[in-house]
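# Per-entry structural report
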Amino acid sequence: MPDFNMRPDKNPMPAQDPNVRNKNFKEVTLGYTVEQAMDEAKRCLNCKTRPCQAHCPVQINIPEFIAEIVNGDFEAAYKIITESSSLPAVCGRVCPQESQCEMKCTRGVKGESVAIGRLERFVADYHNQHSTEKPVVPAPNGHKVAVIGSGPSGLACASDLAKKGYKVNIYEALHTEGGVLAYGIPEFRLPKAIVKKEVEGLKDMGVEIDTDVIIGKTITIDELFDEFGFESVFIGSGAGLPRFMNIPGESLNGVYSANEFLTRINLMKAYLDESTTPIMHPKKAVIVGGGNVAMDAARSAKRLGADVTIVYRRSMEELPARKEEVEHAMEEGIKFELLNNPVEIVGEDGWVKAVKCQAMELGEPDASGRRSPVEIEGKFNEFEADCFIVSIGTSPNPLIKNTTAGLEVTKRGGLVADENGATTREGVFAGGDAVTGAATVIKAMGAGKVAAKAIDEYIQNKAN
Amino acid sequence: MFKIVKKQTLNPTVVLIEVEAPLIARKAEPGQFVIVRAKEDSERIPFTIEGYDREKGTVSIVYQIVGAGTEILNSLNEGDEIHDFAGPLGNATKTEGLKNVAVVGGGVGCAIAYPVAKKLHEEGCRVTSIVGFRTKDLVILEDEFRACSDNYILMSDDGSVGQKGVVTAPLEELIKNGEQFDEVIAIGPLIMMKFVVLTTKKYNVKTVVSMNPIMIDGTGMCGGCRLTVGGKTKFACVDGPEFDGFEVDFDEAMHRGTMYKPFEAHARDEACNLLHKGEQ
Ligand SMILES: Cc1cc2nc3c(=O)[nH]c(=O)nc-3n(C[C@H](O)[C@H](O)[C@H](O)COP(=O)(O)OP(=O)(O)OC[C@H]3O[C@@H](n4cnc5c(N)ncnc54)[C@H](O)[C@@H]3O)c2cc1C
Ligand SMILES: Cc1cc2nc3c(=O)[nH]c(=O)nc-3n(C[C@H](O)[C@H](O)[C@H](O)COP(=O)(O)OP(=O)(O)OC[C@H]3O[C@@H](n4cnc5c(N)ncnc54)[C@H](O)[C@@H]3O)c2cc1C
Ligand code: SF4
Ligand code: SF4
Ligand code: FES
């Protein structure tokens, strides 16, 4: 029986002290201990209606895995999670739980929801630390599938296909696997060792990963079919093309896209003193944007020693970033200058000197019910800065589309795909950010799994 | 891993390596480039493809040792393996329909210009190669250029070889004397390309330049390679690296190239430490 005298709030997450962690790149949160996890798990009411499960994009059987934590059988909990998710150590850390599984948790009606994400992370970390089990390599079924991109969608698709006996080759443009998990999300939020472990697991199952291969340049999709003998191709190439603001001053030295700034730091380890890849160590950095990417860029700049300000044209409530990231950013001393929209980057001798913003206010609610920002005529704010990081979104890279006949894209550049991930070209499937535009890890992973199922059906139908 | 099958010193700081990269060799065209990471944890460095052998499955690049990254690359020898070698990236040089072209190369840029001159020559185009170096010891690929040029003009800053002077002098003289170039292709230091464009603009001779901004991914993902061309932002790695010289904002490009100047000295020291560690 659940104990109704339980604490109304979540067990707090142990974390590095804000004033220590804002100077290092080590993981911010430390994870629950066994005791904390079991205590938190007991807060779950095991609801018959399962609102939590309904709001997880991959419908993890949440009450059941939490029940196993209460029982102390963490491996059983792990098995339940991995029936639906192939990256629990990642998603437990980076999912926007407050707008997914934890959003409608019964416990949240009075007090705080159950810390589902933290529990998921606990289970995955426990498994990764204790399990010595090697994956079972299934008998080959004689069919070959190519996967483009090694982000969450590609990894998930490859994993499910490999489990069914397919020979899977992943082609990755960069020199390291993981997609955004490797080049975007910083070490202090998602240690790269976790990503590496997932990738190694795939390799153990016989998945071959070729890095440094840019599909559309090194090999085309046509060649994958005609010369390499793949029967189906999955495109999980993400949405990596950075958007700029098209305002004066964007080519000044000291202006970065968030992608460039984060890639230098995460992929190229530019924050380490022995790295030969340069990164600016700003004194005062202004970041524009309100999403996870903006928070990551801001907190990375902070760790390089900068005084950091985030400008965003809407208000606090509309910040699309995960709630925890915003809280962590504030604790770490990052300033928020909301209702400010950059209109010019002011330069001096070719370097950034200040960022001029149009002051905004919230107007009438629009069709979606959100109050949209409107300009306050004639009111501008200027923020001193030597570095300006643009973090206003990314779109899918047109490289594959431009080199593949028969692949249609939407107005926003996403590949056209049906609910099973089938594109407009026979045998070619797609999922994740390449289809939806920038979204979330769990959605990309889910799309990879859906496509894996569809690819299996496609190939089996053809074979029969 | 990509094995170095041949390493040849062209001048004291310029080296050619031929690398086993069969997938890239199948596709490479003049004007395209590769991104190279010498060792695990090295920097990603773009280099133009100097040559390729589709049958042998090899690709050659020519690099000048200028800083930490190229120093580490140069520590590898024949038989060693390069950690990452990705490409071919960027767009190939457009040579179609060209009948009379001046290829202007400066310094190590000549290594990038050479495959272009060669391809033009093979396609039956009249090729005038104007190449410039600081001094005699730095001259590279002279025989190769001569073999594919109808007219080969060698310039040096100090007059120690060829004619004394800069590449724009003979270029302007030829144009003045009535040489009808369909196009001038200029590849070299930004300052040289800027002056070539200033020269050809006067006579309205179409000029293509090969830009080499700082890059990371080379696939359009970081925007670090952006340039202003015709008032618009372009990514050199996917929209270029070749652009209409009349449209390029050279002053901005030169300034952006200085972004990491203070860092480079530091990186050089780190590279020295690293290389010496390896020797002990
Ligand atoms: C800084 C940052 C922070 C984020 N934070 C969060 C978060 O906290 N929570 C969350 O849920 N989501 C977050 N996201 C979003 C999330 O990471 C993405 O939605 C997710 O990674 C998309 O997965 P994907 O597999 O579709 O693509 P990606 O992860 O983008 O992977 C695509 C891969 O394909 C490769 N590729 C591209 N083109 C080619 C080609 N032509 N040939 C070969 N390979 C190619 C790329 O190099 C890349 O490795 C964040 C994103 C960023 C950038
Ligand atoms: C498309 C393209 C093709 C190129 N082709 C060749 C080539 O065929 N042969 C050759 O020798 N060089 C070529 N370069 C330039 C070469 O990439 C740089 O010289 C090299 O990165 C310097 O590395 P470093 O670490 O040794 O020097 P550093 O000490 O880091 O820098 C020395 C100089 O190189 C410039 N530089 C540094 N990093 C880069 C970078 N990532 N991209 C461009 N310039 C940089 C700096 O502004 C500085 O002036 C090319 C560049 C581009 C963009
Ligand atoms: S995968 Fe994400 S949304 Fe689903 S239960 Fe885990 S943390 Fe919640
Ligand atoms: S809604 Fe909350 S309390 Fe109910 S089963 Fe899900 S996690 Fe447990
Ligand atoms: S090098 Fe990153 S976009 Fe061109």
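Residues numbered from 1 in each chain as written. Chains lettered and ligands numbered in written order. Predicted model: local features only at pLDDT ≥ 70, side-chain atom pairs only at ≥ 80, totals over all residues. Heavy atoms only, no water.

## Comments concerning the overall build of chain A
In terms of helices and strands, chain A carries 17 helices and 15 strands. Taking the contacts inside chain A whose residues are at least 6 apart along the sequence as the reference set, 69% of them involve residues at least 24 apart. Summed over all atoms, the accessible surface of chain A reaches about 19,200 Å², with 51% contributed by carbon and sulfur. Looking at charge distribution, chain A has the averaged site of its 53 positive side-chain charges lying 3 Å from that of its 65 negative ones. (Helix = DSSP H or I, 4+ residues; strand = E, 2+ residues; numbered from the N terminus. Contact = heavy atoms within 4.5 Å. Areas by Shrake-Rupley, 256 points an atom, 1.4 Å probe, with all protein chains shown as cover. Lys, Arg positive; Asp, Glu negative; His and termini not counted. Charge placed at Lys NZ, Arg CZ, Asp CG, Glu CD.)

## Some points on the packing of helix α5 (residues 74-84) of chain A against helix α7 (residues 116-130) of chain A
All names here are of chain A. Contact geometry of α5 with α7 gives a least axis separation of 9 Å together with a crossing angle of 110°. Classified by the angle between their axes, α5 and α7 sit roughly perpendicular to one another. Along this stretch, α5 crosses α7, giving a crossing that reads as left-handed. Of α7, the residues touching α5 (which contributes Phe-74, Glu-75, Ala-77, Tyr-78 and Ile-81) are Glu-120, Phe-122, Val-123, Ala-124, Tyr-126 and His-127. Residue classes in the contact of α5 with α7 are distributed as eight nonpolar, one polar and two charged. (Axes fitted to C-alpha atoms, helices over the stretch in contact; angles between N-to-C directions. Parallel < 35°, antiparallel > 145°, perpendicular 65-115°, else oblique. Left-handed = near helix turned anticlockwise from the far one by under 90°. Nonpolar A, V, L, I, M, F, W, Y, C, P; charged D, E, K, R; others polar.)

## Quick notes on the site of ligand 4
Contacts to ligand 4 come from Cys-44, Leu-45, Asn-46, Cys-47, Pro-51, Cys-52, Pro-63, Cys-105, Thr-106, Val-114 and Ile-116 of chain A. A per-class count over the shell around ligand 4 returns nine nonpolar, two polar and no charged. (Near = heavy atom within 4 Å.)

## A closer look at the site of ligand 1
All names here are of chain A. Taken together, 35 residues sit near ligand 1, with Val-94, Ser-153, Glu-172, Arg-189 and Asp-433 positioned nearest. Starting from 1,000 Å² of accessible surface for ligand 1 in isolation, the protein chains cover 94%. Elements represented by at least two residues in the shell around ligand 1 include exactly α8 (152-163), α13 (292-303) and α17 (441-463). Of the residues forming the shell around ligand 1, the biggest block, three residues, is contributed by α13. Residue classes in the shell around ligand 1 are distributed as 18 nonpolar, 12 polar and five charged.

## Some remarks on the pairing of strand β12 (residues 371-384) of chain A
All names here are of chain A. Relative to β12, strand β11 (residues 351-365) is paired through nine bridges, and the arrangement is antiparallel. Residue pairing for β12: Cys-357 is matched across the bridge by Asn-381. Taking the residues that link successive antiparallel strands as the turn, the β11-β12 hairpin has five residues, and the phi of Gly-369 there is positive, at about 90°. (Pairing = 2+ DSSP bridges.)

## Thoughts on the interface of chain B and chain A
Taken together, the contact between chain B and chain A spans 45 residues of the former and 43 residues of the latter. Together, the buried faces of chain B and chain A total about 3,600 Å²; carbon and sulfur atoms form 55% of this surface. For the pair chain B and chain A, the number of links is three salt bridges. Across the contact surface, chain B and chain A share 20 residue pairs in polar contact (both at pLDDT 80 or more). When residues in the side of chain B that touches chain A are grouped by element, the largest group, six residues, is from strand β7 (residues 84-89) of chain B. When the residues that make up the side of chain B that touches chain A are grouped by side-chain class, the tally is 19 nonpolar, 14 polar and 12 charged. (Buried area = accessible area lost by both parts, 1.4 Å probe. Salt bridge = Lys/Arg side-chain N within 4 Å of Asp/Glu carboxyl O. Polar contact = N/O pair within 3.5 Å; in protein donor to acceptor, adjacent residues only side chain to side chain.)

## Looking at the nonpolar core
Among the nonpolar cores identified, the biggest contains 53 residues, and Phe-388 of chain A together with Val-104, Leu-171 and Met-211 of chain B are the most heavily contacted of them. Here this core takes five residues from helix α6 (residues 190-203) of chain B, the largest share from any one element. Ranked by size, the runner-up nonpolar core spans 42 residues in total, among them Phe-65, Val-94, Leu-181 and Ile-194 of chain A. (Core = buried A, V, L, I, M, F, W, Y, C linked by side-chain atoms within 4.5 Å. Buried < 20%, exposed > 50% of the residue type's maximum accessible area, 1.4 Å probe, protein only.)

## Re the confidence of the model for chain B
With 94% of its residues at a pLDDT of 70 or more, chain B has an overall mean of 91. Interface confidence for the predicted complex, given as ipTM, is 0.91, next to a pTM of 0.93. (pLDDT = per-residue confidence, 0-100.)

## Let's talk about the sheet that holds strand β10 (residues 340-348) of chain A
Residue and element names in this part refer to chain A. Sheet architecture is open: three strands sit in the order β10-β11-β12, paired in antiparallel fashion. Pairing within the sheet leaves two strands with one partner each, and these edge strands are β10 and β12. Across the sheet, the mean angle separating the axes of adjacent strands is 20° when strand polarity is ignored.

## A word on the packing of aromatic side chains
The geometry of two aromatic rings is summed up by the distance between their centres and the angle between their planes. Residues and elements named next belong to chain A. What the rule picks out here adds up to 13 aromatic pairs over all chains. Both rings, one in Phe-122 and one in Tyr-126, keep their centres 6.0 Å apart while their planes meet at 40°; by these two values the pair is tilted. Within this pair, Phe-122 and its partner Tyr-126 are both found in helix α7, separated by four residues, close to a single helical turn. According to the relative accessible area criterion, Phe-122 is buried, its value standing at 7%. Taking relative accessible area as the criterion, Tyr-126 reaches 23% and is therefore assigned partly exposed. Put simply, the rings of Phe-25, Phe-188 and Tyr-271 touch in pairs and so form one group of aromatic residues. Over the ring of Phe-380 we find Lys-356; its NZ or CZ atom is 4.7 Å from the centre of that ring. (Phe/Tyr/Trp six-rings, centres within 6.5 Å; stacked < 30°, edge-to-face > 60°. Lys NZ or Arg CZ within 6 Å of the ring centre and 35° of its normal.)

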